[in-house]
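Examining the three-dimensional arrangement
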Amino acid sequence: SSSNLMSSTTSAYGVRRGFASESAPERKVAVLGAAGGIGQPLALLMKLNPLVSKLALYDIAGTPGVAADVSHINTRSEVVGFMGEEQLGQALEGSDVVIIPAGVPRKPGMTRDDLFNINAGIVKSLCTAIAKYCPHALVNMISNPVNSTVPIASEVFKKAGTYDEKKLFGVTTLDVVRAKTFYAGKAKVNVAEVNVPVVGGHAGITILPLFSQATPKANLPDEDIKALTKRTQDGGTEVVEAKAGKGSATLSMAYAGAIFADACLKGLNGVPDVVECSFVQSSVTELPFFASKVRLGKNGVEEVLGLGPLSDYEKEGLEALKPELKSSIEKGIKFANQS
Ligand code: NAI
């Protein structure tokens, strides 16, 4: 496997240097909220990623322990923990990718929008620091409601004069992960081969899986497609209810966050044809932000890809989600500009 890694990195970077793990360029990744339910397994998974050379773990509490623990793993990256606001600048400085799973998760009966009041303020302050300490980093926003926190981040960056729409991403990968898993189960196909784009946003009906474009093709009946769509939209709630007050998805989210950050790093490193769905600034619809397939490159978003052909059911879903997504976006923009 080391020779595979070497040959792929050789073609990707065009230079051949030393050992496989050292031929990848230096990349610093910061995780904000690293001591949380998502943050801890995400720190673990990023420590396993050979593309990372420095891993900064930041939280308001608990990071010295998480960092000491993860740092003993014998992989490439150097791990450092940062705790409290006075260390946030150091955590961020020099970061290529900043992943944000900071904030409160849902409890049963809550929507993602119910988190707005607490998480909006957290995201605003973290993004203010990003603009100051690592204005060129790619930002992977996990904190909910993503439909609003991404617009908040964009406004904070605009005010600071650092906004680059190619570098701000709402992480919707968990919706894709769920759609793939549920589709494979229903269609009885190998889950490792499944692809399903998920577009729109990241809450309830704004999550629109495009099963008409799923591969391998399975020609499932309409009622199966409807059930799969509903299960994908309610996947987060399924976990919230099963955890019965102890939070929302953390392990599957950490996996999804690690997949998305890895795609960002590959893009930065010049690996061709890296495509993931993400909630980004977009002109695919009339809404200013929208999730769709995105090609990642050396500057972040290389190209926002269109929706492709939709079934009638998906066309209806698209029209139905727009008012909610629009108001969540506007709520985020308003919040960022009022305080
Ligand atoms: P958690 O409560 O277990 O962890 C959150 C962490 O954030 C805590 O360690 C807390 O100390 C930290 N934190 C709070 N304020 C902070 C600040 N100002 N700076 C840095 N860290 C701060 O919550 P969990 O389960 O890890 O979820 C985190 C967020 O991720 C929630 O908003 C949740 O809704 C969201 N989420 C997003 C998903 C997605 O698909 N995008 C999926 C699942 C959860």
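Small disclaimer: the values here were computed from a predicted structure and weren't measured.

**A closer look at the overall build of the protein chain**
Assigned secondary structure in the protein chain consists of 12 helices and 11 strands. Computed over the C-alpha atoms, the radius of gyration of the protein chain is 19 Å, within 12% of the 20 Å expected from 2.2 N^0.38 for a compact globule of 339 residues. C-alpha atoms of the protein chain, sized along the principal axes, occupy 55 × 50 × 40 Å. Burial analysis of the protein chain (339 residues in total) assigns 49% to the buried set. Long-range contacts, defined here as pairs at least 24 residues apart, represent 68% of the contacts in the protein chain between residues at least 6 apart.

**Concerning the site of the ligand**
Neighbouring residues of the ligand: 32 residues in total, closest Gly-33, Gly-36, Gly-37, Ile-38 and Asn-144. Of the residues belonging to the shell around the ligand, the class tally is 18 nonpolar, 12 polar and 2 charged.

**Things to note about helix H10 (residues 235-243)**
Gly-235, Gly-236, Val-239 and Val-240 are the residues of H10 that are buried. One side of H10 carries all its buried residues, which in axial view fall inside an arc of 140°. Facing away from the buried side of H10 by over 90 degrees, the exposed positions are Glu-238 and Ala-242. Looking one or two residues beyond H10, the residue adopting positive phi is Ala-244, at roughly 45°.

**Let's talk about the UniProt feature "active site" (unreviewed entry) in the protein chain**
Per the UniProt record, "active site" (unreviewed entry) is annotated on His-202. Inspection of the secondary structure assignment puts His-202 in the loop between strand E7 (198-200) and strand E8 (207-209). What makes His-202 buried here is the crowd of 28 C-beta atoms within 10 Å. When neighbours within four sequence positions are excluded, His-202 is seen to be in contact with Val-146, Asn-147, Gly-170, Thr-172, Asp-175, Ile-207, Phe-279 and Ala-291.

**Focus: the nonpolar core**
Formed by 100 residues in total, the largest nonpolar core has its most connected members in Val-31, Leu-57, Tyr-58, Val-98, Ile-100, Val-139 and Ala-153. When residues in this core are grouped by element, the largest group, 10 residues, is from helix H11 (residues 251-268).

Thresholds, definitions, all that
Residues numbered from 1 in each chain as written. Predicted model: local features only at pLDDT ≥ 70, side-chain atom pairs only at ≥ 80, totals over all residues. Helix = DSSP H or I, 4+ residues; strand = E, 2+ residues; numbered from the N terminus. Rg over C-alpha atoms; globule rule 2.2 N^0.38 Å. Buried ≥ 20, exposed ≤ 12 C-beta atoms within 10 Å, placed from the backbone. Contact = placed C-beta atoms within 7 Å. Near = placed C-beta within 6 Å. Nonpolar A, V, L, I, M, F, W, Y, C, P; charged D, E, K, R; others polar. Arc of directions from axis to C-beta. UniProt positions renumbered as here; feature names shortened; annotations may be inferred. Core = buried A, V, L, I, M, F, W, Y, C linked by C-beta atoms within 7 Å.

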